[in-house]
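The lines below spell out each chain.
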Amino acid sequence: MKPVLGTVLTAITVAAGTVTGMALPAQAASVSVTPSCAAVTSPGIMRCFALRRTDLKSVRALAAAAAPSGISPADLKSAYALPTGGSGATVAIVDAFDDPNAESDLATYRSQFGLPACTTANGCFKKVNGSGQTSPLPTADSGWAGEISLDVDMVSAVCPNCKILLVEAASADDNSLFGAIDSAVSLGAKYVSNSWGGSESSSETSQDADLNHPGVAITVSSGDDGTGAEYPATSRYVTAVGGTSLTKSSSASRGWTEKAWTSAGSGCSAYESKPTWQTVTTSCSKRAEADVSAVADPATGVAVYQTYGASGWSVYGGTSASAPIIAGVYALAGTPGSSDYPASYPYAHQSNLNDVTSGSNGSCGAPICTAGSGWDGPTGLGTPNGVAAFSSTGSGGGGTGGGGGTCTAGQLLGNPGFESGNTTWTASSGVITTASGSSTPHAGSYFAWLDGYGSTHTDTLSQAVTIPSTCTTAKLSFYLSINTAETTTSTAYDKLTVKAGSTTLATYSNLNASAYTQKTLDLSAYIGQSVTLTFTGTEDSSAQTSFLIDDTAVNVS
C-alpha cells in the first residue's frame, strides 16, 4: 500500500475556565477570541479589527511534518479559484504603530507554506513610516502588530509574487492613518489594504480626499460588530469588504461552502452619497456596505505567524483578514484603469463572484442583515471566483501585475513540479510526495501519486488558473506514468480523469500503462476565464494502479 504522508497538527483546546477575550455568536459558541487592538474610547481614533483565537494554543515551533491550524494559502487558492500572478504589483498595508518582527515573522510564514522569500534584501518587502520614510519608525505596539502580521500574511497567501509595502502610521489617529494611505499611493502602490475603522461622523466626507485615488484599489474592512456602518468602509471611494464563514465540503461543487459571518459589518451610511456604480437594491438612500467579502469568521479562521505580542502560530479572523485577501485578489486581476474607481468592478461583473445566500449578522432582515441572492450587507455581492470580477474588463489578470492589451507568454501554474511540497495545489492526503520504491518523480524530488492502494479509492489533485483574455493559445501539459497490477488488456478498471471545470479533457486507465510520457491538452476554450484543473484517480476493489504526475504546466502565448 502506498505511504500516506503529512501529519496534521491537532489544535490544542484551552482547558475549562475563563478565557480572556470576547465570545463569538451562537454559530461558533465553542470559540473564544481576543481583539488585537483595544476598544476605542476617544473620537478620531481608529481600531484594528483583527481577532485572535484564544481557545487554541499558540505554537512557536511546529513538530516535523506538522501544519499550522487554520486556513492555508493553498486553501484560499482553492476556495476562491485564484490564479498564479501578480509579478511586479505592489500591495500596500496601512496600519498604525510598528511591528518590529514583521519581516522575520513573514519569513517564517512564507517558508512554512513554500512561498517565495519576500525580504528587504530582495526588494520584495519594504517598511516605511506614515510619511513614506524608512526611519524613524513609530513606537512598537503589540496589539497592532497582530494586525500587521495578519495583513502581510494574507497578501502573501493570495498573491505570493506581489511586493509588500508596509506603511506604519505614527498612531491610530484618523489623520495619521489617512496620511499613511496618501504615502502608500505616492510610493506607487496600486492596491492599498486597510483593516481598521471607527464610527461614522458628520465630518467624514472631508476626509474622503485621502481616499480619492483614481486608479488605485483601496480595500477597507467592514468591521466586526454586525449591523452598523463603519468609516472609512462607507466611503464611496473604497471597496468595503465584509466577511464569511468558509468551510471545506466534499459535497459542494467548488469544494467549499460559505455563509455570512454573524459579526460581519454592514449598514447604511448616514453621510456618504450613494456611488453611481452601486446600482443594486440595498434599502439605503446613501452608500451601503459591504461590496464584496471573504473569509473572516475566526471559527473558520486563517493561519498567522506572529511573535510580537503572541507566541507564534495562531488562528486569526475578523474582516481584518478579508480586506487584505481582496487587495491581493485585485493585484492578481491586473492594474486598474487610471481613471477608474475599482470598487465599481465587481458591480459590473457580478456573475464572476460566488454569491453567498445564507447566514445573517443581525435581526434587521434582508438585505442589510440577512444574506440572500444578489447583494446583501454582510457579504456584499459575494466572494471571489477567480479574479475576473476585480478587473476592468471582467477577465483574469494572468501572470503579471499589470493590465494591458497584449499577452505575456509564460507558464501560469504555481508549484508546477511539486518541489515546494503540498502548497498551491489542493490534493488528497499523501498525493504530493517523494520517491518510494519504484514510484519516482520525473524530475526533482517531489511528484503527485494518485491511487496505488489496490482497493476502492479516489484521489484528487487540483489548482485554479486564470487564462488572460489577451492570449490566443493555452495548453495544459504534464508528465504521466502509469504502473498497474491489472492483467486485463481490454477493461479499464482504474481511471485517471483530467477536467477543466466540469468538462473532461482526457481519461487514462490501467490500459495505458507506460513510463513517463508528456501529455498536452488544449485549454483555448478557457481563454479569458478562471478555471479549476482537476486530476481524479479512481481505483476499483483489487489490483493496484498508480497514476504518477509531474512537471505540470499551463503555457500561454
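Note: the structure precedes this text.
Residues numbered from 1 in each chain as written. Predicted model: local features only at pLDDT ≥ 70, side-chain atom pairs only at ≥ 80, totals over all residues. Heavy atoms only, no water.

### Description of the side chain of Asp 494
Moving on, step 1. Along the polypeptide, Asp 494 turns up in the loop between strand 26 (474-484) and strand 27 (495-500).
Moving on, step 2. Buried charged residue Asp 494 carries no salt bridge. Nearest counter-charge: Lys 495, at 9.6 Å.
Moving on, step 3. A distance of 2.9 Å separates a polar side-chain atom of Asp 494 from the backbone nitrogen of Asp 540.
Moving on, step 4. For Asp 494, the residues in contact, after removing those within four places along its chain, are Glu 486, Tyr 508, Ser 509, Asn 510, Thr 538, Glu 539, Asp 540, Ala 543, Gln 544, Thr 545 and Phe 547. (Helix = DSSP H or I, 4+ residues; strand = E, 2+ residues; numbered from the N terminus. Buried < 20%, exposed > 50% of the residue type's maximum accessible area, 1.4 Å probe, protein only. Lys, Arg positive; Asp, Glu negative; His and termini not counted. Salt bridge = Lys/Arg side-chain N within 4 Å of Asp/Glu carboxyl O. Polar contact = N/O pair within 3.5 Å; in protein donor to acceptor, adjacent residues only side chain to side chain. Contact = heavy atoms within 4.5 Å.)

### Some details on the pattern of salt bridges
Moving on, step 1. Considering all chains together, one arrives at eight salt bridges under this definition.
Moving on, step 2. Between Asp 55 and Arg 53 there is a salt bridge whose closest N-O contact spans 2.7 Å. No difference in accessibility class separates Asp 55 from Arg 53, as the two residues are buried.
Moving on, step 3. We note a salt bridge from Arg 236 to Asp 208, for which the minimum N-O separation is 3.4 Å.

### Let's talk about the sheet that holds strand 3 (residues 47-48)
Moving on, step 1. Read across the open sheet, the three strands follow the order 3-9-11; overall the sheet is antiparallel. In this open sheet, the two strands that pair with only one neighbour each are strand 3 and strand 11 (230-231).
Moving on, step 2. In this sheet, strand 9 (residues 196-199) lies alongside strand 3 in antiparallel orientation, the contact comprising two bridges. Its bridge partner being in strand 9, Arg 47 is matched across the sheet by Gly 197. (Pairing = 2+ DSSP bridges.)

### Comments concerning helix 2 (residues 102-112)
Moving on, step 1. All of the buried residues along helix 2 are Ala 102, Asp 105, Leu 106, Tyr 109 and Arg 110. Axial view of helix 2: buried residues confined to an arc of 135 degrees, hence all on one face.
Moving on, step 2. Its buried side turned inward, helix 2 meets helix 1 (73-79), strand 6 (125-129), helix 3 (142-158), strand 7 (163-169), strand 17 (302-306) and strand 18 (312-317).
Moving on, step 3. At the exit of helix 2 stands Gly 114, carrying a positive phi of roughly 70 degrees. (Arc of directions from axis to C-beta.)

### As for the environment of Thr 497
Moving on, step 1. Within the fold, Thr 497 resides in strand 27.
Moving on, step 2. Spatially, the C-alpha atom of Thr 497 lies 31 Å from that of His 349, the residues being 148 residues apart in sequence.
Moving on, step 3. Among residues more than four places away in sequence, those in contact with Thr 497 are Thr 504, Ala 506, Thr 507, Thr 534, Phe 535 and Thr 536.

### Focus on the state of the cysteines
Moving on, step 1. Per the counting criterion, the structure on display carries five disulfides.
Moving on, step 2. The partner cysteine of Cys 159 in its disulfide is Cys 162, sulfur to sulfur 2.0 Å. Across the S-S bond of Cys 159 and Cys 162 the torsion is about 70 degrees, and the bridge reads as right-handed. We note that Cys 159, like Cys 162, is buried. (Disulfide = S-S within 2.5 Å.)

### Quick look at the nonpolar core
Moving on, step 1. In terms of nonpolar packing, the biggest core is built from 68 residues, with Leu 76, Val 302 and Phe 390 touching the most fellow members.
Moving on, step 2. Among the elements that line this core, the one with the most residues is helix 6 (residues 319-333), at nine residues.
Moving on, step 3. In this structure Leu 76 touches Ile 71, Ala 81, Leu 82, Met 154, Ala 157, Val 158, Val 295 and Ile 325, once residues within four positions along its chain are discounted. (Core = buried A, V, L, I, M, F, W, Y, C linked by side-chain atoms within 4.5 Å.)

### Here we look at helix 4 (residues 174-186)
Moving on, step 1. Spanning 13 residues, helix 4 covers 19 Å between terminal C-alpha atoms, matching the ideal 18 Å at 1.5 Å per step.
Moving on, step 2. Within helix 4, burial applies to Asp 174, Ser 176, Leu 177, Phe 178, Ala 180, Ile 181, Ser 183, Ala 184 and Val 185.
Moving on, step 3. By the N-cap criterion, in which a side-chain oxygen at the helix start approaches the backbone nitrogen of a residue two or three places on, helix 4 is capped by Asp 173, the distance to Asn 175 being 2.9 Å.
Moving on, step 4. One or two positions beyond helix 4, positive phi appears at Gly 188, with a value near 105 degrees. (Expected span 1.5 Å × (residues − 1).)

### Observations regarding the side chain of Asp 98
Moving on, step 1. Tracing the backbone shows Asp 98 in the loop between strand 5 (90-96) and helix 2.
Moving on, step 2. Judged by its relative accessible area of 7%, Asp 98 is buried.
Moving on, step 3. Separated by 3.0 Å, the side chains of Asp 98 and Lys 127 make a polar contact.
Moving on, step 4. Ignoring sequence-local partners within four residues, the contact set of Asp 98 consists of Lys 127, Leu 137, Pro 138, Thr 139, Ala 140, Asp 141, Ile 148 and Glu 168.

### Quick notes on the packing of aromatic side chains
Moving on, step 1. For the structure shown, the criterion picks out 13 aromatic pairs.
Moving on, step 2. With 5.8 Å between their ring centres and 85 degrees between their planes, Phe 113 and Trp 313 make a pair best called edge-to-face. Linking Phe 113 in the loop between helix 2 and strand 6 with Trp 313 in strand 18, this pair joins segments that are 200 residues apart in sequence.
Moving on, step 3. Accessibility expressed as a relative area gives 6% for Trp 313, which makes it buried.
Moving on, step 4. One aromatic cluster is present, formed by Tyr 109, Phe 113, Tyr 305 and Trp 313 through successive ring pairs. (Phe/Tyr/Trp six-rings, centres within 6.5 Å; stacked < 30°, edge-to-face > 60°.)

### Structural notes on the packing of helix 3 against helix 6
Moving on, step 1. Relative to each other, helix 3 and helix 6 sit at 35 degrees, their axes nearing to 8 Å. Note that helix 3 runs across helix 6; the crossing there is right-handed. Residues Glu 147, Leu 150, Asp 151, Met 154, Val 155 and Val 158 of helix 3 form the contact with helix 6, whose participating residues are Ser 320, Ala 321, Pro 324, Ile 325, Gly 328, Val 329 and Leu 332.
Moving on, step 2. Its residues assigned to classes, the contact of helix 3 with helix 6 shows nine nonpolar, two polar and two charged. (Axes fitted to C-alpha atoms, helices over the stretch in contact; angles between N-to-C directions. Left-handed = near helix turned anticlockwise from the far one by under 90°. Nonpolar A, V, L, I, M, F, W, Y, C, P; charged D, E, K, R; others polar.)

### Here's the deal with unusual backbone geometry
Moving on, step 1. Between Ser 135 and the following residue, Pro 136, the backbone shows a cis peptide bond with an omega angle of -5 degrees.
Moving on, step 2. Among the secondary structure elements, Pro 136 is positioned in the loop between strand 6 and helix 3.
Moving on, step 3. Note the cis peptide between Tyr 231 and Pro 232, where omega equals 15 degrees.
Moving on, step 4. When you line up the elements, Pro 232 lands in the loop between strand 11 and strand 12 (239-248).

### Describing the pairing of strand 27
Within a regular strand, the side chains alternate between the two sheet faces.
Moving on, step 1. Across six bridges, the pairing between strand 27 and strand 28 (residues 503-509) is antiparallel. Bridge pairing in strand 28 links Lys 499 to Thr 504.
Moving on, step 2. Counting the residues between successive antiparallel strands, the hairpin from strand 27 to strand 28 contains two residues, one of them, Gly 501, with a positive phi of roughly 65 degrees.
Moving on, step 3. Relative to strand 30 (residues 530-539), strand 27 runs antiparallel, the two sharing six bridges.

### Topic: the packing of helix 2 against helix 3
Moving on, step 1. At a minimum axis separation of 10 Å, helix 2 and helix 3 run at an interaxial angle of 40 degrees. In terms of their interaxial angle, helix 2 and helix 3 are classed as oblique. Taken as a pair, helix 2 and helix 3 cross one another with a handedness that is right-handed. For the pair helix 2 and helix 3, contact is made by Ala 102, Asp 105, Leu 106, Tyr 109 and Arg 110 and by Ile 148, Ser 149, Val 152, Asp 153, Met 154, Ser 156 and Ala 157, respectively.
Moving on, step 2. Residue classes in the contact of helix 2 with helix 3 are distributed as seven nonpolar, two polar and three charged. (Parallel < 35°, antiparallel > 145°, perpendicular 65-115°, else oblique.)

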